[in-house]
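Structural overview
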2 protein chains.
Amino acid sequence: MYILKNKDKFFSEEDFLKFLDGFFEQREGLILGRGDDCAIIKTENEMLISSDLFLEGYHFDMKYFPPYAIGYKALAVNISDILAMGGIPVGFTMSIMINKKIATKIFFKEFFKGISLLCKKYNIYLAGGDISFSKSFGIDITIFGKKGERCLFRKKANPGDLIFITGDIGLSRVGLYAFKKGLQERFKVATMSHLMPKIFYYESRAITKNPFVTSLMDVSDGVLKDIKRLIPKEMGANLEIDGSMLHPEVISMAEILGEDPAVFAAKGGEDYVLMGTIASDGIKRLKDAIPTLKVIGEVIRNEEFMLNRKKIEGGFDHFEYSFKNTVE
Amino acid sequence: MYILKNKDKFFSEEDFLKFLDGFFEQREGLILGRGDDCAIIKTENEMLISSDLFLEGYHFDMKYFPPYAIGYKALAVNISDILAMGGIPVGFTMSIMINKKIATKIFFKEFFKGISLLCKKYNIYLAGGDISFSKSFGIDITIFGKKGERCLFRKKANPGDLIFITGDIGLSRVGLYAFKKGLQERFKVATMSHLMPKIFYYESRAITKNPFVTSLMDVSDGVLKDIKRLIPKEMGANLEIDGSMLHPEVISMAEILGEDPAVFAAKGGEDYVLMGTIASDGIKRLKDAIPTLKVIGEVIRNEEFMLNRKKIEGGFDHFEYSFKNTVE
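Notes on the overall build of chain A
In terms of regular secondary structure, chain A is built from 11 helices and 13 strands. The C-alpha atoms of chain A give a radius of gyration of 21 Å, which matches the 20 Å a tight globule of 328 residues would have. Viewed in the frame of its principal axes, chain A has a C-alpha envelope of about 60 × 50 × 35 Å. Residues classed as buried in chain A amount to 53% of the 328 residues present. Across chain A, contacts joining residues at least 24 apart in sequence account for 84% of those joining residues at least 6 apart.

Topic: the environment of Thr208 of chain A
Residues and elements named next belong to chain A. Tracing the backbone shows Thr208 in helix α6 (residues 201-209). Among the residues examined, Thr208 registers 21 C-beta atoms within 10 Å and is labelled buried. In this structure Thr208 touches Gly86, Gly148, Glu149, Arg150 and Leu152, once residues within four positions along its chain are discounted.

What to know about the sheet that holds strand β9 (residues 236-239) of chain A
All names here are of chain A. Read across the open sheet, the 7 strands follow the order β8-β10-β7-β11-β9-β12-β13; overall the sheet is mixed. Each end of this open sheet is capped by a strand with a single partner; those strands are β8 (213-218) and β13 (310-311). Inspection of the sheet shows strand β7 (residues 162-165) paired to strand β10 (residues 274-278) by 4 bridges, in the antiparallel sense. Residue Ile163 lies in a different strand from β10, and its bridge partner there is Thr277. Together, β8, β9, β10 and β12 (305-307) form the strand contacts of helix α7 (residues 223-230), whose direction differs from that of β8 by roughly 135°.

Let's talk about the pairing of strand β3 (residues 46-55) of chain B
Note on strand geometry: in a regular strand, side chains alternate between the two faces of the sheet. With 9 of 10 residues buried, β3 of chain B lies mostly within the body of the structure. Here strand β2 (residues 39-42) of chain A runs beside β3 of chain B; their pairing, made up of 4 bridges, is antiparallel. Counterpart to Ile40 of chain A in the pairing with β3 of chain B is Leu48 of chain B. Pairing geometry for β3 of chain B and strand β6 (residues 138-146) of chain B, over 8 bridges, is antiparallel. Residue pairing for β6 of chain B: Leu53 of chain B is matched across the bridge by Asp140 of chain B.

Concerning unusual backbone geometry
Residues and elements named next belong to chain B. Positive phi values are uncommon outside glycine, yet Glu270 reaches one of about 65°. Structurally, Glu270 can be placed in the loop between α9 (261-267) and β10 (274-278). Looking at Glu270, the number of C-beta atoms within 10 Å reads 23, which means it is buried. Positioned with a positive phi, Tyr272 is a non-glycine residue whose angle comes to about 55°. Position of Tyr272 among the secondary structure elements: in the loop between α9 and β10.

Notes on the relation of the copies chain B and chain A
Screw-axis analysis of chain B against chain A gives a translation of 0.0 Å along the axis, an RMSD of 0.0 Å, and a rotation angle of 180°. The superposition operator between the copies reduces to a two-fold rotation axis. Of the residues that chain B buries at the interface, 100% are likewise interface residues in chain A, meaning the two copies contact each other through the same surface.

Brief notes about the environment of Tyr177 of chain A
Positionally, Tyr177 of chain A belongs in helix α4 (residues 171-181). In this structure, the C-alpha to C-alpha distance between Tyr177 of chain A and Thr191 of chain A, residues 14 residues apart in sequence, is 8.7 Å.

So, the domain arrangement of chain A
Residues and elements named next belong to chain A. Looking at the assigned domains, one finds that chain A contains domain 1 (8-146) and domain 2 (162-325). Across the contact, 15 residues belong to domain 1 and 17 residues belong to domain 2. The greatest single-element share of the side of domain 1 that touches domain 2, amounting to 9 residues, is contributed by helix α2 (residues 67-83). Looking at the side of domain 1 that touches domain 2, its residues break down into 11 nonpolar, 2 polar and 2 charged.

Things to note about the interface of chain B and chain A
Contact residues are listed per partner, giving 61 residues for chain B and 61 residues for chain A. Those elements giving two or more residues to the side of chain B that touches chain A turn out to be β2 (39-42), β3, α2 (67-83), β4 (88-98), β5 (125-133), β6, β8 (213-218) and α11 (318-325) of chain B. Tallied by class, residues from the side of chain B that touches chain A come to 24 nonpolar, 19 polar and 18 charged.

The rules we used
- Residues numbered from 1 in each chain as written.
- Chains lettered and ligands numbered in written order.
- Predicted model: local features only at pLDDT ≥ 70, side-chain atom pairs only at ≥ 80, totals over all residues.
- Helix = DSSP H or I, 4+ residues; strand = E, 2+ residues; numbered from the N terminus.
- Rg over C-alpha atoms; globule rule 2.2 N^0.38 Å.
- Buried ≥ 20, exposed ≤ 12 C-beta atoms within 10 Å, placed from the backbone.
- Contact = placed C-beta atoms within 7 Å.
- Pairing = 2+ DSSP bridges.
- Axes fitted to C-alpha atoms, helices over the stretch in contact; angles between N-to-C directions.
- Least-squares fit on C-alpha atoms with pLDDT ≥ 70 in both.
- Domains from an automatic or database assignment.
- Nonpolar A, V, L, I, M, F, W, Y, C, P; charged D, E, K, R; others polar.

Below, the structure is given as structure tokens:
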């Protein structure tokens, strides 16, 4: 625990914003940055736009999340939405809700570092935003991007298309369980995945360039829930996930919990892998481009969803869960 | 007090979003709306963008604000940011933080109506957003717009320019005091201004077309604070505000409080009047175009801010106030 010194405090909004400026560079495309009523950004004739909330107690737990990871993940989940359309993230606005507990330069230095790491890596700029005190800490980011070679939508698959994912599923869920059970040491990859999920930037570029790909999304609520959002209304999916497709830490945790590893993995949200469908003729080329690619099933003609020959139910729904469990 | 029936409740995020759909129409320029990972919007080669938080207990008090006014004001303050650059609002994303207390169709019907009124009136579309449960109710809106005939920035005034405002100041502050003192009946205009501030849409269009205007912003924190954000660094302002420029309800409330009406009005935030500077040659034409226009002072050569020949201090700062008064 550090002892808070006077120089660690923010004294006004101006003070906070001046501090923030040190972490975010001017980049091409940002015509006018912070400091006026609006930012002005360079655009093409169409733009992708998406917003994601990232709230303490709902999307992250301050017990496990260092400020660096909060910043990183808040932006990462937004970047993922642009990649899930086959787009290229360009910039974002960020509204920060802070409270006294965290309103220190020590905290925000790490928080901004986590965000600016991704800005540098993917050449994304902060265009503006807002800041306010609030009952609890949270971030709302609106990200915008340009279209890739083409846009990839949901619900465009054809029967017989293969269903693919770009990386490991279930890891973030394992990480959360590991934190709760104090097993961080044994589940290092999973806990890191929960804090700082992988971003499938180059995988998205490769997918967009493959003309056989028919649809794409990112998995935020778990494969079991999101597959129903990906597949067109009159169709279904036959998923086959075996142990060889799962990370060893996922299998270990499923064993500890006495659960089926494939079901456990397919229910896990927040891995932000890209999940899509592709006509089978294109799969070899996609596998060559993305070494971590896994084919987990096939689109079927009837409206039925199966995992390893069993009918599947749902994934995790933040909203439903909170609705049922919030105590006022 | 109504008795909550089962049909008034939301059962899932899907349920909530389906309900929301009923209030927001498809409009030209929104190429792809809600339902995929991103929205796709039509843009020109440059775009204005701005975000504003609107949080319970910080920006609005549920004791005074009916849900209709919460929706209205959350969007209105964002529209004002685009107008303050001389731009034309086009669309927005909206992140809603809800809790059990307000998660009913009865509440959100009114809330969405307040927003969609403005969407219809100014031809603005909802592009997307996010929703999450939260410890307290709040909205974060990111609005985007196209440039007007030209952009109007802050800090571009010249010495000798006149300082103008497009409407009444201090009214919103009077409204807040009236609510707190139970004087709503006596301060009807002011309380309405606090709940549903006037939007200076057509005034912004007229200002942008006047080539003599040198700078523009909207007044959210009060003239006394915002004037320092408007005037270039090496200059100052000599403000002269007399009773004839103030709304009778502002004068009445200042009398009740024993304060100087001009100072009271100039400290009042949240009126969202446009405040700008103009070379004196252009003022007649601007007055003709905007009947409610008031000239409140002049830009001066030295870095000094005066109101009615007295040096001025500051306005209201949500951030500073919260920092000093939040109890953890």
